[in-house]
Amino acid sequence: MAEAEAEAEAEKEKIVTEKVVAEAEEFPKAIVRRLVKDKLSKLSTDSEISIFREALEAFSESARIFVHYLSATANDICKESKRQTINAEDVFKALEEIEFSDYVEPLRASLEEFRQKNAGKRSVSSKAKETNRKGKRKDPPAGSGSQNKDDENESHKEEDNAD
């Protein structure tokens, strides 16, 4: 009897664990809805597009399965090259392998555009970090803060006297 109860408890824990994992892997419903509605609005002349919740769940689950399949294929390609980190080329090769080669060139173009946009952001960020580093080196030593405040007060007094 105790053995049957232990098995039943283990099965319940397995179901709960599987449900938690499945929920963690789900795509955010708001994003799926936005993607589907955006695509459908480009294809339809109707101003209002309605989508059943079950349809959104089907889109979400399909996307999740596709990402799993694509990532597993890219991982296999990566391992064949004796590497541990998947790169963009692995994903492109995986798309070709799973017969989605029509998407490779648009994806390459999109990735290149993304890299160019981020390269500008990185250079601005790097310059800002460098400026901060230089500014920190020029900071006066501790204890001289009151002297700087006195100098600042003197300059304000001189401005007041000039009026």
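Thresholds applied
- Residues numbered from 1 in each chain as written.
- Predicted model: local features only at pLDDT ≥ 70, side-chain atom pairs only at ≥ 80, totals over all residues.
- Heavy atoms only, no water.
- Helix = DSSP H or I, 4+ residues; strand = E, 2+ residues; numbered from the N terminus.
- Buried < 20%, exposed > 50% of the residue type's maximum accessible area, 1.4 Å probe, protein only.
- Polar contact = N/O pair within 3.5 Å; in protein donor to acceptor, adjacent residues only side chain to side chain.
- Core = buried A, V, L, I, M, F, W, Y, C linked by side-chain atoms within 4.5 Å.
- Salt bridge = Lys/Arg side-chain N within 4 Å of Asp/Glu carboxyl O.

Q: I'd like a rundown of the environment of Glu-61, residues and numbers included.
A: If you trace the backbone, Glu-61 turns up in helix H3 (residues 53-80). By relative accessible area, Glu-61 is classed as partly exposed at 34%. Here the alpha-carbon distance between Glu-61 and Glu-25, two residues 36 residues apart in the chain, equals 9.4 Å. At 2.6 Å, the side chain of Glu-61 forms a polar contact with the side chain of Arg-64.

Q: Help me get a handle on the nonpolar core, residues and values and all.
A: Judged by nonpolar contacts, Leu-70, Ala-74, Ile-77, Phe-92, Ala-94, Leu-95, Ile-98 and Val-104 together constitute the single largest core of eight residues. Elements with a contribution of two residues or more to this core: H3 and helix H4 (88-97).

Q: Summarise the pattern of salt bridges; cite the residues concerned and give the values.
A: For the structure on display, the rule yields nine salt bridges. We note a salt bridge from Lys-42 to Asp-38, for which the minimum N-O separation is 3.5 Å. You can see Lys-42 and its partner Asp-38 sitting in helix H2 (residues 29-43), four residues apart, about one turn around the helix. According to the relative accessible area criterion, Asp-38 is partly exposed, its value standing at 40%. In this structure, Asp-90 engages Arg-83 in a salt bridge whose closest nitrogen and oxygen atoms are separated by 2.6 Å. A residue is classified by how much of its surface remains accessible, and Asp-90, at 2% relative accessible area, is buried. On the basis of relative accessibility, which here comes to 29%, the residue Arg-83 falls in the partly exposed class.

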